Structures are given as C-alpha cells and as structure tokens.
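As a plain string of letters, each chain reads:
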Amino acid sequence: MKRSLRRAMWAGAVAALVVAAVPVTSAFGAGSLTTTFAASSDWGSGHEVKVTVTNGTTSPVNTWRIEFDLPAGTTISSFWDADVTRTGNRVVAVKKSWAGALAAGASTSWGYIATGAYRAPTNCTVNGAACGGGTPPTTPPPTTAPPTTAPPTTPPPTTPPPTTPPPPGAKKVVGYFVQWGTYQRNYQVKNIHTSGSAAKMTHILYAFANTTGGRCTIGDSYADYEKAFTAADSVDGVADTWDQPLRGNFNQLKKLKQMYPHLKVIFSVGGWTWSGGFTQAAQNPQAFADSCYNMVNDSRWAGVFDGIDIDWEYPNACGLTCDNSGPNAFKNVISALRTKFGPSKLVTAAITADGSNGGKIDAADYAGAINNLDWIMPMTYDYFGAFNAQGPTAPHSPLTSYTGIPQAGFNSDAAIQKLKSKGVPASKMLLGVGFYGRGWTGVTQTTPGGTATGPAPGTYEQGIEDYKVLKNTCPATATIAGTAYAKCGSNWWSYDTPSTITGKMTYSKNQGLGGAFFWELSGDTSNGELITAIRNGLN
C-alpha cells in the first residue's frame, strides 16, 4: 500500500516564568521505596513533570506501581517510560515490562505533560502502601519575581521530555511517516509525539524520495523542506520563520529527534508510484548510490537521516510497471549502496511478501543482498483487496493460510518461511502490519469468500480506510488467519486490531524475527492504539 500523493523566540517573560517555577519537587514514600514528583517546566497553561522512583532498600525491586490523584482540572496529555492508565483524576503508572528490576540504591524516572499550572498530586501510593510525607503546597513560592507580561497560552516545554531508549537487543518497531500526510490528512510530525508513538518506536521511515532517471531525487520539496509550520503544528510549539535555513517535515523530524534521542530516521526511496526508476538505477548502481548518498546527506538537512531504505516494487517482476533487470539487480544495487554509505549508516529494504511458488520472492536474490542490509521488511499486507472488484472477499493481511484462501502463498507465514529457506536470517526480518483495512461493497456473505460489486467507500480512496475510522464505523466481529474482519451493511472490511496485532507479535517473537514495521502512522488512533499493541506485544 505504497502511494505517493501530491521560530519566533519566546519573550524574556516566558523564560522568567520557567525559572520561577522550576524545580518544584514533591516527595512521597512508602517505607524506603520513594517517589519524587518534580515540575521540570511550568508555563501556566501546562507543565511537565519528572517522576523519580528510588529503591532505598538493600534488595532489588522487581516491579513498582504508583497510584495518585491529579488536582481537579488537571489532565495528562502525554507520558513516557511508564505504562499509564487514567480513570477520572486517578492515575496508575506501572514499570515498563521490558525494564529490568530496580537495583538497591538505584533510581529510575518517567514523566508526563499535563494541563494547567503545576499542583502536586495527592493520595499517592507506591506498591499498594500509603505514601508518607504529606501534601506539599499547591502553589510553590517563586524563586524570582513573576513576569510582568503574561506568557502565551500554549508555549512549549523548554526542555524536551526525557526518553529512555529501548534496551540493548530490543525488538525493532519501525513505522512509515508519509510526506503527503501534511496535506489533506493533516497528520504532522508533531502527532508522532502527541500520540505517544515516538517513545514506542525505534525507527521512522520517511516516505518517499523519487527515482527519476535512475537517481535518488526529492519527491516533494514543499512538504519535505519548504513548508512553514505554525506554532500549533510544530513539534516543539515554535513557529517557523521566513528566513530559517530549513523548514518542512525535515526540520520537524530534526526537532523530534532532539526530543527523542533514541529515534533513528531513514529516508525511504521508491514505493508503488516511484519504483519505475529502479530499472535504470540497476544499469549503473554506483551512480545511483552516489546520488542517494548526496540526497540523504545534503548539508541543508544534516543530521536528520540515519540511512536509506529501498522500496523497490518490484525487482525483476511487475508492480505499477514491470522490471526485467534480472535476479541479481537488487543485490547489485544494495551492494553499491552499502559501499557508498559505509557500515555506520543504515541500509534497509521493503520487499515483496509474495510467498507463492515462482512468485516475486523467487524473482530476485534477496538472500544475496542480506549481508549488506541491516534488515528487510516483507510487506505482509495488501495480499487481497478490491483491486479485484468482484472479490472474492478475503483478509488483506492474513498471518497464515486458511481453507478457501484465494491464492496459495499469499500470507505472512509463507513469505517468512520462504525467505528463511533461501538463507535470510530471521533476525534480519521484520513482520509487516497495516494500520488500515481493505474492503468491498455489494457483499451479502459475512464470512470471507463472498462476491462483491466493487470497492467499499473510503475517506481518501475507494476500498481503503484507516483503522481509526473502521474501529468505529465497522467494528471487527470475527477473525480468520490471525487477522480481523466485519460486514457492515453491504460493506465487508478486513483489518488488524490491537488483539490481532498482539497475536502477530507473538508470532514474530516465536519465529525469532527482528521486530515489526507498519504502514503508516496516520492510520492509528490519536493515542496510538495499534503501535502500543506492537510495542507491548514485542516486549
């Protein structure tokens, strides 16, 4: 499903406000396991809190659970490095499952951003025991005189929220951000932060660059590096100015990486629409690699990208156009890219997931390229859809085969097993998940295999709809082959849910895969239901 479509500084008064309000610390304790709340930023209409848990005992603490009440009118808008649930004003924060035991004498921190001026939480418990120490003043005395000029109503935190990178050896969570999302979809880089997704991801794939003339070229210069972002749409709440050297999505990604230092961003090249130039690239891989290196490392956006991703649909086979470069073409292009980019940059590839006999996996030497790739991403979605307008209806992302599947080998497991059999290490494969559904209309049969009259209506394209829409308009009622489906009126949809994604992540772990990737961020809910299921499922 790869389609390509077409700072003002804060006043000194704001700085004074932040100095006045930071730090404000509230300590609670249960025995010698203590919890400290520190308002690391407070700008009046909102504040950022760092919560530190310290183990003052002589033994490791395997888990911790903090419960507290927020003052009336305070709402947490985002959080990181803890699993947080909220019921009314009551907040429960639990240690991440992937985090190890808290050693004797050690501390760990998590944090959140909330509305309004900072007021200390109340009724705190740690691991079920009442917290001691009392309740601090709700309005701490300022250390300097308050500002004479009121601050803006929605200034950003002056210090980005701290993040903890995934532990060494953690599974990869890789997701596409599409450049055209900045238009009609209105999904901005900022949303990767506000949804909580950035803290759960390891890598972002920025889609796409073009392959014009067999060279890497910018696909949409306006979205990529020219568009001026308002304060409301900017990652850090700071508006772009007319004279700054870099704007657009690239500058927003740069800000996001500053906020989440563990995140890597990879420039993805090609996709369904822009793969045609790979045929010419295969004729001179070195020239192609040189052009890609120059594009990714352009001094105007230095530091934004950590490598390159090749999304060739498909080498020595047909996609939107057909390629007949031969079975070695993909391997040769990847080899040239690795030679040019060197060992320190990431080189990855999204590839076909056609596991049928004589299918697209068999058409190219993916195993021959794997030593020069950090990982590959078989696109285990879009197997079936209303591109066959009359059906039969079938789930577009089946994990396994099932009785009546329209095409043998068109399922995730078939692709994974075929790649393994060819010598591709499991640890270098990521399982693909679609954050959208595919559907038909004119369907009378509830179960898969029914006939149809055409594609179901979609918000942006017929036959396709985001998960965030489908979960409300056509909730899943059944599952088959590890994914979900539903019939609503005469429309029939298949898509993945948090529950089916959990099952797919279990499969990924059982197969020894390197993690998972997904297409694409804007299809998820505003609080990141699907990416949360991926991250939790891989833990």
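Provided above is the structure to which this section pertains.
The model shown is predicted, which means the values in this text are computed figures rather than measured ones. (Residues numbered from 1 in each chain as written. Predicted model: local features only at pLDDT ≥ 70, side-chain atom pairs only at ≥ 80, totals over all residues. Heavy atoms only, no water.)

Caption draft 1: Structural context of helix 12 (residues 498-510). Here helix 12 spans 18 Å end to end across 13 residues, near enough to the 18 Å set by a 1.5 Å rise per residue. Within helix 12, burial applies to T500, I501, K504, M505, Y507 and S508. When helix 12 is viewed along its axis, its buried side chains cluster within an angular range of 155° and face the same direction. Pointing more than 90 degrees away from the buried face of helix 12 are the exposed residues S499 and N510. (Helix = DSSP H or I, 4+ residues; strand = E, 2+ residues; numbered from the N terminus. Expected span 1.5 Å × (residues − 1). Buried < 20%, exposed > 50% of the residue type's maximum accessible area, 1.4 Å probe, protein only. Arc of directions from axis to C-beta.)

Caption draft 2: Highlighting the nonpolar core. If you look at the biggest cluster of nonpolar residues, it comprises 90 residues, and the most contacted ones within it are I192, I308, F330 and L337. Counting residues per element, this core draws most heavily on helix 7 (residues 329-341), which supplies seven residues. Listed in part, the 24 residues of the second largest apolar core include V61, I66, L102 and V126. (Core = buried A, V, L, I, M, F, W, Y, C linked by side-chain atoms within 4.5 Å.)

Caption draft 3: Representation of the sheet that holds strand 13 (residues 264-270) within the structure. With parallel pairing, the eight strands of this open sheet are ordered in space as 16-15-14-13-12-11-24-17. Single-partner strands in this sheet number two, and they are strand 16 (375-378) and strand 17 (430-434). In this sheet, neighbouring strand axes are inclined to one another by 25° on average, regardless of whether the strands run parallel or antiparallel. Relative to strand 16, strand 15 (residues 346-351) runs parallel, the two being bridged by four bridges. If you follow T348 over to strand 16, its bridge partner there is W375. Helix 6 (residues 285-296) rests against strand 12 (203-209), strand 13 and strand 14 (307-311) of the sheet, and its axis sits at about 130° to strand 14. (Pairing = 2+ DSSP bridges. Axes fitted to C-alpha atoms, helices over the stretch in contact; angles between N-to-C directions. Contact = heavy atoms within 4.5 Å.)

Caption draft 4: Quick look at the environment of P398. By secondary structure assignment, the location of P398 is in the loop between strand 16 and helix 10 (412-421). The class of P398 is buried, set by a relative accessible area of 0%. Distance from P398 to Y383, taken between C-alpha atoms, is 8.0 Å for residues 15 residues apart in sequence. What P398 contacts, discounting residues up to four positions off in sequence, is Y383, F384, I405, F410, N411, S412, A481 and T483.

Caption draft 5: Focus on unusual backbone geometry. Here the bond from A207 into F208 is cis, since omega is -5°, no more than 30 degrees from zero. Among the structural elements, F208 can be located in strand 12. Even without being glycine, D382 reaches a positive phi, approximately 65°. Within the secondary structure, D382 sits in the loop between strand 16 and helix 10.

Caption draft 6: Seen up close, helix 7. Taking 1.5 Å per residue as the helical rise, helix 7 with its 13 residues ought to reach 18 Å, and the 18 Å between its terminal C-alpha atoms agrees with that figure. All of the buried residues in helix 7 are A329, F330, V333, I334, A336, L337, R338 and F341. Against the buried residues of helix 7 lie helix 5 (278-281), helix 6, strand 14, strand 15 and helix 9 (366-369). Just downstream of helix 7, G342 is the residue with a positive phi angle, here 80°.

Caption draft 7: Structural view of the pattern of salt bridges. Within the structure shown, the criterion is met by 16 salt bridges. The partner of D290 in a salt bridge is K340, with the nearest N and O atoms 3.5 Å apart. Taken together, the residues D290 in helix 6 and K340 in helix 7 connect sequence positions 50 residues apart. Overall, D290 belongs to the partly exposed group, its relative accessible area being 27%. Overlapping salt bridges, with partners in common, bring together R65, E67, D69 and R90 in one network. (Salt bridge = Lys/Arg side-chain N within 4 Å of Asp/Glu carboxyl O.)

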